[in-house]
Amino acid sequence: MLPKITIADHFLGIEDPRIDRAKRHNLIDIMTIAVCAVICGADGWVAIETYGCTKYEWLKFPIRNSQLIP
């Protein structure tokens, strides 16, 4: 049986290229929403944002900084 791996585990080694003062959301949260949205058919950033807003209640539990969907 293969070990379970999360999206966060998979992208653990990626460095956040943003400057600190511009970091409103955790990079892994943005990436998780983007991956889930694309799997569900999102084809651009507007569709990813729409997905995030539509699925807010479902997404806010695992997201550490749940002020707003990134």
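The structure under discussion appears in the preceding block.
Residues numbered from 1 in each chain as written. Predicted model: local features only at pLDDT ≥ 70, side-chain atom pairs only at ≥ 80, totals over all residues. Heavy atoms only, no water.

Visitor: Got a sec to walk through the overall build of the protein? Specific residues and values, please.
Guide: Across its full length, the protein carries four helices and zero strands. Looking at the protein as a whole, 21% of its 70 residues are labelled buried. In the structure as shown, the protein presents an accessible area of about 5700 Å², 62% of it carried by carbon and sulfur atoms. (Helix = DSSP H or I, 4+ residues; strand = E, 2+ residues; numbered from the N terminus. Buried < 20%, exposed > 50% of the residue type's maximum accessible area, 1.4 Å probe, protein only. Areas by Shrake-Rupley, 256 points an atom, 1.4 Å probe, with all protein chains shown as cover.)

Visitor: So, the state of the cysteines: which residues are in play, and what are the values?
Guide: As used here, a disulfide is simply a covalent bond connecting the sulfur atoms of two cysteines. Taken as a whole and assessed by the stated rule, the structure comprises zero disulfides. Between Cys-40, a cysteine without a disulfide, and Cys-36, which holds the nearest cysteine sulfur, the sulfur-to-sulfur distance is 6.9 Å. (Disulfide = S-S within 2.5 Å.)

Visitor: Any chance you could break down the pattern of salt bridges for me, citing the residues and the numbers?
Guide: Scanning all chains against the criterion turns up three salt bridges. Sharing partners across several salt bridges, the network here consists of Asp-16, Arg-18, Asp-20 and Lys-23. (Salt bridge = Lys/Arg side-chain N within 4 Å of Asp/Glu carboxyl O.)

Visitor: So what's going on with the nonpolar core? Residues and values would help.
Guide: Counting residues in each nonpolar core, the largest one holds eight residues, listed as Ile-33, Ala-34, Cys-36, Ala-37, Ala-42, Ile-48, Tyr-51 and Leu-59. Only α2 (27-39) and α3 (45-54) provide two or more residues apiece to this core. No other element matches α2, which puts four residues into this core. When sequence neighbours within four positions are dropped, the list of residues in contact with Ala-34 reads Trp-45 and Ile-48. (Core = buried A, V, L, I, M, F, W, Y, C linked by side-chain atoms within 4.5 Å. Contact = heavy atoms within 4.5 Å.)

Everything listed here is a matter of geometry and, on its own, says nothing about what the molecule does.
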